[in-house]
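Chain by chain, the residues:
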Amino acid sequence: MSSVATNPVLPFLRTDRMPTIWCPGCGIGTTVNCFSRALLDSKVDLKNLAIVSGIGCTGRVAGYVNLDSFHTTHGRAIPFATGLKLANPKLNVVVYSGDGDLSAIGGNHLIHAARRNVDIKVICVNNLIYAMTGGQTAPTTPGHVITSTHPYGTFDPTFNLPHLVEAAGAVYVARWTTFHVRQIARSMAEVFKKPGFCFIEILSPCPTLYQRRNKMGDGLDTMKFYKEHSKIKNGASTSEIGLTKAGEIIVGKFVDRDRPDYINAAREQFVESLGERYVDECAAVECAAECCGEDY
Amino acid sequence: MHADPAGVLTGTHFLDGDHACCEGCLAAGARFASGYPITPSTEVVERFASRIPTVGGTFIQMEDELAASICLQGAVWGGAKAFTVTSGPGFSLMMEHIGYAAMTETPCVFVNVQRGGPSTGLPTLPAQADMMQARWGSHGDYGIIAICPNSPQECFDLTLKAFNLSEQYRVPVMVMMDEVVGHMTEKVVIPPAGKIEVTPRKHTKKSPADYKPYQCNGDGSLVPEMAHAGEGYKFHVTGLTHDERGYPNMTPAVQDKLVKRLRDKIDNAPDLVLYEGEHLDDADVVVVSYGITSRVAQRAIDEARAQGLKVGKLRLIIAWPFPTKLIRELAPKVKAFVVPELNLGQMVLEVERAARGAAKTIHVPHAGGSVHRPEDIVKAIVEANQ
């Protein structure tokens, strides 16, 4: 009897928690597959990789990946991740959450983490709607879209997230759709090695609430839509890539620049002001080791 | 084990309560704080920001209280001892994350230097109006510990204790100061590091294969062992109702088991009764107080005793969990409890509940903005004695 090949991404998943809660046609699982591929390809140290999610459909990602994982409160994945990273700088910290979580309730944290250039990697799965709570309008919902809180069509102006985070100070900004699986995995692998605040937006279908209510078909139809409407423009100006209901979707890597991250900026300032009096290395990890005694 | 000598400002000092509290944090081994400025608490983290680069660790000024109160929890899971500092309105904003810390069993300390409210209230003036918020502010059932210093010396000693209890029970501990305690300056004696006992984290010794993040050891302890990110455990932490593996599980049976444990590990812990008592054996009237009010109450008690009244003192050092059994035992032996506090009736409700009608309960309310006049408390004692 021939042996059955094992899917190479299985070791990265908590298979004992499968199946997931995600709906048929949802793109979040696709992004997790890309994430796993990126882990494989980049050979990132899994022991020192931690993932933090907020609330909502994408917020559940932390529970399905076999890493140190934190499912935090609504909108607060970024400040939690900030504490995790600053207390233990050797960790590679990934924030993996949805557009509503990161840009509405968590919008303030998003811009301030980008401003500080905290060394965390933010993966934002953007399905253009609040999904888990039943299809209400999100800051990312394009105009004229039918949602449960805008039953006659939205008229709130739409957030352009790459533009927002670039303006706030992110050092790496990219956007893909779930049609662009190889590009997503490549971007993810890239940000694992890029110091500073990195942001990857991934447009993803929500067939149950967004596409159905707007008569845009199912998950497959959305993939066809992404294929037909997407245009790769690396280096495009983020001010010109706003999303509309049926228009062009500009994807690509828009920003890749360098500036000191938060920890290094702090270090430089303390050295300048305190010189030899500055104690750099007793970060919390060593402190905890001491507090916990020899058995730590 | 003992404090890290680097963080201990051994000696005799003239400090205000906020600064003494900061020294307590450092002596306890706290090397991480995330804060958002609010009067009258900010001096705690201002001092921390000044001290920490020469001790080793991190202070980050966050964009708001919501961020501050979850950032510190990330730091705890990264291996740090961590705290935040706030006052009434900020404390209100932190409530969801106090619930998260309770649910995820994240050991951490919230310092609340109380001011008058509601809303913006009295930013620079005292109150004790967050006592019920400390206990019940977040939704759901859980236990917390709240500890009430009444002097700068106690701001040092009890902040240290707050960290120790947070590690022992894996629970958020509140240090409930008030504006007067925070800003009064007195002598503070800080011992050498070798004489400061620091409770180690309940860090697991199990292998990753054997470790379940929320499994109790079967030794009767209701507090599971903890791992940190980056150690190879690959654990999951969620604010959702979870099983012993930390996996979400929404069944009533799992919810019942989890939240009962979260409550019982605190509310039924015998060593969380801490008070200062005087003349409780033969008292006709017992004055129950806490924090700054206990110092005014002391003068009132002394005056009443000078008048020949048999008055006892009961100062709550740990206010939550409330010492129900103690009050219940005292109630049949006394005529009344007199409860002065800087609010219009909070802990008095607990005294009344615990007394179960076996003794009168007389409240001495004060809406905040200053401390009580001792004569108001004396008057209540005289009335209670009749």
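Preceding this paragraph is the structure being described.
About the thresholds
Residues numbered from 1 in each chain as written. Chains lettered and ligands numbered in written order. Predicted model: local features only at pLDDT ≥ 70, side-chain atom pairs only at ≥ 80, totals over all residues. Heavy atoms only, no water. Helix = DSSP H or I, 4+ residues; strand = E, 2+ residues; numbered from the N terminus. Rg over C-alpha atoms; globule rule 2.2 N^0.38 Å. Buried < 20%, exposed > 50% of the residue type's maximum accessible area, 1.4 Å probe, protein only. Areas by Shrake-Rupley, 256 points an atom, 1.4 Å probe, with all protein chains shown as cover. Lys, Arg positive; Asp, Glu negative; His and termini not counted. Charge placed at Lys NZ, Arg CZ, Asp CG, Glu CD. Pairing = 2+ DSSP bridges. Contact = heavy atoms within 4.5 Å. Buried area = accessible area lost by both parts, 1.4 Å probe. Salt bridge = Lys/Arg side-chain N within 4 Å of Asp/Glu carboxyl O. Polar contact = N/O pair within 3.5 Å; in protein donor to acceptor, adjacent residues only side chain to side chain. Nonpolar A, V, L, I, M, F, W, Y, C, P; charged D, E, K, R; others polar. Axes fitted to C-alpha atoms, helices over the stretch in contact; angles between N-to-C directions. Parallel < 35°, antiparallel > 145°, perpendicular 65-115°, else oblique. Left-handed = near helix turned anticlockwise from the far one by under 90°.

1. As for the overall build of chain A
Reasoning step 1: When its secondary structure is counted, chain A shows 11 helices and eight strands.
Reasoning step 2: In summary, chain A has a C-alpha radius of gyration of 20 Å against a globular reference of 19 Å for 296 residues, a match within 12%.
Reasoning step 3: In terms of its C-alpha atoms, chain A occupies a principal-axis envelope of roughly 65 × 60 × 35 Å.
Reasoning step 4: Per-residue burial for chain A yields a buried fraction of 58% across its 296 residues.
Reasoning step 5: Carbon and sulfur atoms make up 55% of the accessible area of chain A, which totals about 12,200 Å².
Reasoning step 6: Side chains of chain A give 30 positive and 28 negative charges; the mean places of these two sets differ by 8 Å.

2. Focus: the pairing of strand β11 (residues 285–289) of chain B
All names here are of chain B.
Reasoning step 1: Burial analysis of β11 places five of its five residues in the buried class, the great majority of the element.
Reasoning step 2: The two faces of β11 match: V285, V287 and S289 on one face and V286 and V288 on the other face are all buried.
Reasoning step 3: Bridge count between β11 and strand β14 (residues 336–341): three bridges; the pairing is parallel. Bridged to V287 within β14 is V338.

3. Details of the interface of chain B and chain A
Reasoning step 1: Tallying the contact residues gives 53 residues for chain B and 50 residues for chain A.
Reasoning step 2: Carbon and sulfur atoms supply 61% of the area that chain B and chain A bury against each other, a total of about 4,100 Å² over both sides.
Reasoning step 3: Of all residues in chain B, the largest losses of buried area upon contact with chain A belong to P53, E63 and K234 of chain B, amounting jointly to 15% of the total for that side.
Reasoning step 4: Between R245 of chain B and D16 of chain A there is a salt bridge; the shortest N-O distance is 3.8 Å.
Reasoning step 5: Summed over the shared surface of chain B and chain A, the result is 19 residue pairs in polar contact (both at pLDDT 80 or more).
Reasoning step 6: Elements supplying a minimum of two residues to the side of chain B that touches chain A: β3 (58–61), α3 (65–77), α4 (88–104) and β9 (236–238) of chain B.
Reasoning step 7: The element contributing the most residues to the side of chain B that touches chain A is α3 of chain B, with eight residues.
Reasoning step 8: For the side of chain B that touches chain A, a count of residues per class yields 24 nonpolar, 18 polar and 11 charged.
Reasoning step 9: As paired strands, strand β2 (residues 68–71) of chain A and β9 of chain B are joined by three bridges and run parallel to one another. Paired with F70 of chain A across the bridge in β9 of chain B is V237 of chain B.

4. Here's the deal with the pattern of salt bridges
Residues and elements named next belong to chain A.
Reasoning step 1: Counted by the stated rule, this structure contains 31 salt bridges over all chains.
Reasoning step 2: For K194, the salt bridge is made with D258, and the minimal N-O distance between the two is 2.8 Å. With K194 in the loop between α7 (181–192) and β6 (198–203) and D258 in the loop between β8 (249–256) and α10 (262–274), the pair connects residues that are 64 residues apart, well separated along the chain.
Reasoning step 3: Judged by relative accessible area, which is 10%, K194 ranks as buried.
Reasoning step 4: For D258, a relative accessible area of 67% puts it in the exposed group.
Reasoning step 5: Overlapping salt bridges bring together E190, K194, K253, D256 and D258 as one network.

5. Observations regarding the packing of helix α3 (residues 77–87) of chain A against α3 of chain B
The geometry of a pair of packed helices is captured by two quantities: the angle between their axes and the separation between those axes.
Reasoning step 1: Here α3 of chain A crosses α3 of chain B at 40°, and the two axes come no closer than 6 Å. Classified by the interaxial angle, the pair formed by α3 of chain A and α3 of chain B is oblique. Considering how the two elements wind past one another, α3 of chain A and α3 of chain B form a crossing that is right-handed. Here P79, F80, T82, G83, L84 and A87 of chain A of α3 of chain A come into contact with α3 of chain B, specifically with A67, I70, C71, Q73, G74, A75 and W77 of chain B.

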